[in-house]
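The primary structure of each chain is shown beneath.
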Amino acid sequence: MGSSGINAEYMGSSGINAEYMGKINKDVVHSKMARRVENPKVLCIDGNLDYQKGESQTNIEIEHAQDWDKYLEIEEEWVKEQCDYIAKTGANVVVVEKALSDLAQHFLVKAGISAIRRVRKPDLVRIAKATGATTITRCDLATEKDIGTNCDLFDIRKIGDEYYSYFEGCKDAKACTIVLRGGSDDVLREMERNLNDATAVARNIMKDPRVVPGGGATEMAMAQYIRDQANKLSGTIAWPFRAVADALEVIPRTLIDNCGGQVMRTLTQLRAKHADPANFAWGIDGTKGTIVDMNEYKVWEPYAVKSSILKTSIESACMLLRIDDVLSGIASQRLKGR
């Protein structure tokens, strides 16, 4: 989610819960690598640990069989050299974005280093943020300062048929993973939608802590004020005011209708309440379909969201009216031509 760095993933289970940690759907690349490392030293590589390949077509001329063996030795020496650079940094967990060859796995196993390969770039960045590591592109330039040491535990766990890599106990983490577990895909998708809504609300509150009463109370208070201003005007200029007021009342009317309440009676009661400006916080109980004081009901909406909705709706209406004017102008010119 935006700058917070939250990555949501979901998987099936008999229960429903949420766990906060760094996690990716990956297993170590070699069976002899440690699947549990306490206080890991994490190195994130934005590249691959494989043989160097030519950028385009490559031709090799060999006169003797020994030359081919020498060529293979050069490739092996290069891979070994890269693994030695990694070992010198003191890292014991390596996360690679791209390929990791079998030969590199062999050298990393000998050095006691666990490795994960083909990690998506966003996941690699999140792991680096969570563990305090610096993403590198060249192993020969890696230093101890690039190692992430903010993690207490690296652990591989099997859930269902999948293996997951956990980075737990991250100190001052800049990113995390929220794992949603539910009994079916429909439950999980609904949980993910609710989670996205909740995190968006939290983000908006952090950016702008101002809130307004929910339950249609704000819309009804604005509609009442705009209608009062329209009554002070005369002629056709008052009609746009009344149209905006009627449009704002759609929100409380929809809330009443959704919970099976009596729309006209409840809406009339709400209008009567808002006739007194002191009752600006009265809105609709979305469960019972009755009017309640939102100060007591504890339902609030972020001011930033409400302001954006109103601005967008008004601008959209103005745009449609301008388009209607243009179309009507074209039609009138055609009529004159005839």
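What this report covers is the structure whose coordinates are included nearby. Everything numeric in this text was worked out from a predicted model, so none of it was measured.

## Some thoughts on the layout of surface pockets
- One number sums up the size of the largest pocket: a volume of about 330 Å³.
- Around the largest pocket, the lining comprises 15 residues; the ones closest to its centre are Val244, Ala247, Leu248, Leu310 and Ser313.
- Among the elements of the structure, helix 5 (217–231), helix 6 (238–248) and helix 10 (303–337) are those that each provide at least two residues to the lining of the largest pocket.
- Of the residues that constitute the lining of the largest pocket, the class distribution is eleven nonpolar, one polar and three charged.

## Points about the side chain of serine 165
- With respect to the helices, strands and loops of the structure, serine 165 is situated in strand 8 (residues 162–168).
- Among the polar contacts listed, one links the side chain of serine 165 to the backbone oxygen of lysine 26, at a separation of 2.6 Å.

## Regarding a negative patch on the surface
- Where like charges cluster on the molecular surface, the negative patch consists of Glu61, Glu63, Asp67, Asp69, Glu73, Glu76, Glu77 and Glu81.
- Position of aspartate 67 relative to the elements: it lies in helix 1 (residues 65–88).
- Aspartate 67 sits in the partly exposed class, given a relative accessible area of 34%.

## Describing the sheet that holds strand 4 (residues 42–45)
- Within the open sheet, the three strands sit side by side as 4-5-6. Their pairing is parallel. A strand with exactly one partner marks an edge of an open sheet, and here the two such strands are strand 4 and strand 6 (114–116). Mean inter-strand twist for the sheet, computed between neighbouring axes without regard to direction, equals 15°.
- Direction of pairing for strand 5 (residues 93–96) relative to strand 6: parallel, over a ladder of three bridges. In the sheet register, valine 94 faces strand 6, and the bridge partner there is alanine 115.

## Looking at the side chain of serine 114
- For serine 114, the position within the fold is in strand 6.
- By relative accessible area, serine 114 is classed as buried at 1%.
- Leave out the neighbours within four places in its chain, and serine 114 touches Val28, Met33, Ala34, Val37, Asn92, Val93, Val94 and Phe154.

## Quick notes on the pairing of strand 4
- By the alternation rule, side chains of strand 4 split into Val42 and Cys44 and Leu43 and Ile45, which are all buried.
- Across four bridges, the pairing between strand 4 and strand 5 is parallel. In the strand pairing of strand 5, leucine 43 is matched with valine 94.

## Considerations on the nonpolar core
- Among the nonpolar cores identified, the biggest contains 39 residues, and Ile45, Leu49, Ile86, Leu100, Leu108, Phe154 and Phe167 are the most heavily contacted of them.
- Breaking this core down by element, the ones donating at least two residues are strand 4, helix 1, strand 5, helix 2 (102–110), strand 6, helix 3 (121–131) and strand 7 (153–159).
- If you look at the next biggest cluster of nonpolar residues, it comprises six residues, including Met220, Ile256, Leu267 and Leu270.

## Let's talk about a nonpolar patch on the surface
- Judged by side-chain polarity, Ile60, Ile62, Trp68 and Leu72 come together as a nonpolar surface patch covering roughly 330 Å² of accessible area.
- Structurally, leucine 72 can be placed in helix 1.

## Overview of the packing of helix 7 (residues 250–258) against helix 8 (residues 263–274)
- At their nearest, the axes of helix 7 and helix 8 sit 9 Å apart, and the two run at 135° to each other. The pairing of helix 7 with helix 8 is recorded here as oblique in orientation. As for the relative orientation of helix 7 and helix 8, their crossing is right-handed in sense. Residues Pro252, Arg253, Ile256 and Asp257 of helix 7 form the contact with helix 8, whose own contacting residues are Val263, Thr266, Leu267, Leu270 and Arg271.
- Here the contact of helix 7 with helix 8 is built from residues that sort into five nonpolar, one polar and three charged.

## As for the pattern of salt bridges
- Summed over all chains, the structure comprises 19 salt bridges.
- In this structure, arginine 36 and aspartate 155 form a salt bridge, with 3.7 Å as the shortest nitrogen-oxygen distance. Taken together, the residues span a long stretch of sequence, with arginine 36 in strand 3 (residues 36–38) and aspartate 155 in strand 7 at a distance of 119 residues.
- Judged by its relative accessible area of 9%, aspartate 155 is buried.
- The shortest N-O distance in the salt bridge between arginine 253 and glutamate 249 comes to 4.0 Å.
- Judged by its relative accessible area of 2%, glutamate 249 falls in the buried class.
- Through salt bridges with shared partners, a single ionic network connects Arg227, Asp246, Glu249, Arg253 and Arg271.

Reading the values: the criteria
Residues numbered from 1 in each chain as written. Predicted model: local features only at pLDDT ≥ 70, side-chain atom pairs only at ≥ 80, totals over all residues. Heavy atoms only, no water. 1 Å grid on protein atoms, 1.4 Å probe; cavity = no way out; pocket = protein on both sides within 12 Å on 5 of 7 lines; lining within 4 Å. Points joined across faces, edges and corners; volume = space filled by probe spheres on them. Helix = DSSP H or I, 4+ residues; strand = E, 2+ residues; numbered from the N terminus. Nonpolar A, V, L, I, M, F, W, Y, C, P; charged D, E, K, R; others polar. Polar contact = N/O pair within 3.5 Å; in protein donor to acceptor, adjacent residues only side chain to side chain. Patch = residues over 30% accessible without salt bridge, like charges linked within 9 Å, V, L, I, M, F, W, Y side chains within 5 Å. Areas by Shrake-Rupley, 256 points an atom, 1.4 Å probe, with all protein chains shown as cover. Salt bridge = Lys/Arg side-chain N within 4 Å of Asp/Glu carboxyl O. Lys, Arg positive; Asp, Glu negative; His and termini not counted. Charge placed at Lys NZ, Arg CZ, Asp CG, Glu CD. Buried < 20%, exposed > 50% of the residue type's maximum accessible area, 1.4 Å probe, protein only. Pairing = 2+ DSSP bridges. Axes fitted to C-alpha atoms, helices over the stretch in contact; angles between N-to-C directions. Contact = heavy atoms within 4.5 Å. Core = buried A, V, L, I, M, F, W, Y, C linked by side-chain atoms within 4.5 Å. Parallel < 35°, antiparallel > 145°, perpendicular 65-115°, else oblique. Left-handed = near helix turned anticlockwise from the far one by under 90°.

This is a description of form; function is not addressed.
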